[in-house]
Amino acid sequence: GKKLLVDVDCGVDDAQAIMMALAVPDVQILGISCVSGNTTVDNVCKNVLRVLKACQRPEIPVFRGALKPILGNTLSAGHFHGQDGLGDAPDPKAPGLDRIQKEGAVAAMVRIASEHAGEVSLVATGPLTNLAMALRIDPNFPQNLKGLYIMGGNTDSRGNSTMCAEFNFAADPEAAYIVLNEFLCPTYIACWEFTCHSKLPWEFCDVWLAQDSEKARFMKRIFQHSMDASRGGCFQKEMVAGDGFVSCDCYAMAAAIDDSFVTAFHKVAVSVELTGTYTRGMMVLDTQELLKKKHKAFVMEQVDLEKFKALMMAALK
Ligand code: BDR
């Protein structure tokens, strides 16, 4: 079986990614760490607890992590995911924050990775703050990981959050810089444009949500806000809306779950812009190998969409 650590800023696509992993029998989630991103870290914690409740998996430990990025102000993605991160469709019977582990996220990530050294992959679907801090308290953290799967970054100069940067990297550029430059484990990146080019059709979405299950009913409620935002063309209309829906974080998760999911990569050294007037947080690809970096990331280019559909369907069964 596959062992996963999952680090999230639980908005709607993070929730979908968690549900995808929980539905695969030989995947074991050892812990879910929370980070500020799409919404506040406390909302993120609550959202993860709600997802685990909807999946009847309350035993999975949830850890609270960074409240803010390493430098700068927090961003939020409330316009897309809803202010609470899950579509502003609250559940009055949602589990309380007393269900969060006492141990903090960074300590827990470091501990779990060393207890399962070489066997656990980390899927990171939010700003990379917790990962950067984990490295700073345990330099062996990255080498204890079997693989790192990131949703973040962009490969052309158009961002989805600032003019030039994708949300997760824009929300904590320093953390993204530390991770891309200092995590020397196998690193797979599902970047913004790639996820937009690998959309699932809206017709699939209708069938997906119409499944007769508690999980599908839960998803239908929390997904409405971002479906409306996508269809309404809240930003980058031609990328987001059009012929299908983008569930960004699920691509990173699917790659971690199924080694044959990604069918083409660009193997390239990557970094992040930190100081540009307009470009802070933008991912930079060293295609000419000018940085002379030995460590290359695998930037995803193509995936098996039939496998993706099957994993998505199973997530709500
Ligand atoms: C990323 O930003 C967030 O809003 C999504 O959850 C995803 O992780 C897409 O840029």
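Numbering of residues starts from 1 in every chain and runs along the sequence as written. pLDDT decides what is reported in this predicted model: residues at 70 or higher carry local features, side-chain atom pairs at 80 or more are listed and counted, and totals for whole chains, interfaces and linings draw on all residues regardless.

The chain is annotated in an unreviewed UniProt entry as Inosine/uridine-preferring nucleoside hydrolase domain-containing protein from Synaphobranchus kaupii. Quoted verbatim from the Sequence similarities (unreviewed entry) heading of the UniProt record, the comment on the chain is "Belongs to the IUNH family." UniProt positions are given in the numbering used here, feature names are shortened, and annotations may be inferred rather than shown by experiment.

Taken together, the neighbourhood of the ligand is formed by 15 residues, with Gly11, Asp13, Ala77, Phe167 and Cys248 sitting nearest. Put simply, the parts of the chain that give the shell around the ligand at least two residues each are α1 (12-22), α7 (167-171) and α13 (248-257). Gly counts as polar in this scheme, as do all residues outside two lists: the nonpolar Ala, Val, Leu, Ile, Met, Phe, Trp, Tyr, Cys and Pro, and the charged Asp, Glu, Lys and Arg. Here the residues of the shell around the ligand are counted per class, giving six nonpolar, five polar and four charged. In this analysis, residues qualify as near a molecule or strand once their C-beta atom, positioned from backbone atoms, comes within 6 Å of it. Secondary structure is summarised from DSSP: a helix means a run of H or I of at least four residues, a strand means a run of E of at least two, and numbering begins at the N terminus for each.

Read across the sheet, eight strands follow the order β3-β2-β1-β4-β5-β6-β12-β9 without closing on themselves; strand pairing throughout is mixed. Each edge of the open sheet carries a strand with a single partner, namely β3 (62-64) and β9 (262-268). This sheet shows a mean twist of 25° between the axes of neighbouring strands, independent of strand direction. In this description, a residue-residue contact is defined by the distance between C-beta atoms placed from the backbone, which must lie within 7 Å. In this description, a line fitted to the C-alpha atoms serves as the axis of each element, helices being fitted only across the stretch in contact, and the angle between N-to-C directions of two axes falls anywhere from 0 to 180 degrees. Lying over the sheet, α13 contacts β1 (2-8), β2 (27-34), β4 (120-124), β5 (145-151), β6 (187-190), β9 and β12 (297-303), oriented at roughly 160° with respect to β5. At least two bridges found by DSSP between two strands is the condition for calling them paired.

Note on placement: Ala107 falls in helix α4 (residues 105-115). Once the C-alpha coordinates of Ala107 and Phe63 are considered, the two residues, 44 residues apart in sequence, prove to be 9.3 Å apart.

Another point: the nonpolar core. Any set of buried Ala, Val, Leu, Ile, Met, Phe, Trp, Tyr and Cys residues joined through C-beta atoms within 7 Å is what this text calls a nonpolar core. Working definition of burial: number of other C-beta atoms within 10 Å of the residue's own, with buried at 20 or more, exposed at 12 or fewer, and partly exposed in between, all C-beta atoms being placed from the backbone. One finds Cys34 and Val48 to be the most contacted residues of the largest nonpolar core, which totals 106 residues. Top contributing element to this core by residue count: α13, with nine residues. Non-local contacts of Cys34, meaning those with residues more than four positions away in its chain, are made with Val8, Cys10, Val41, Val44, Cys45, Val48, Val62, Phe63, Arg64, Gly65 and Ala105.

Another point: the pairing of β4. The buried count for β4 comes to five of five residues, which makes it a mostly enclosed element. Judged by which residues are buried, β4 turns out to be covered on both faces: Val120, Leu122 and Ala124 on one side and Ser121 and Val123 on the other are all buried. Relative to β4, β1 runs parallel, the two sharing five bridges. Each residue of the ladder has a partner; that of Val6, found in β4, is Val123. Direction of pairing for β4 relative to β5: parallel, over a ladder of five bridges. Its bridge partner lying in β5, Ala124 is registered against Ile150.

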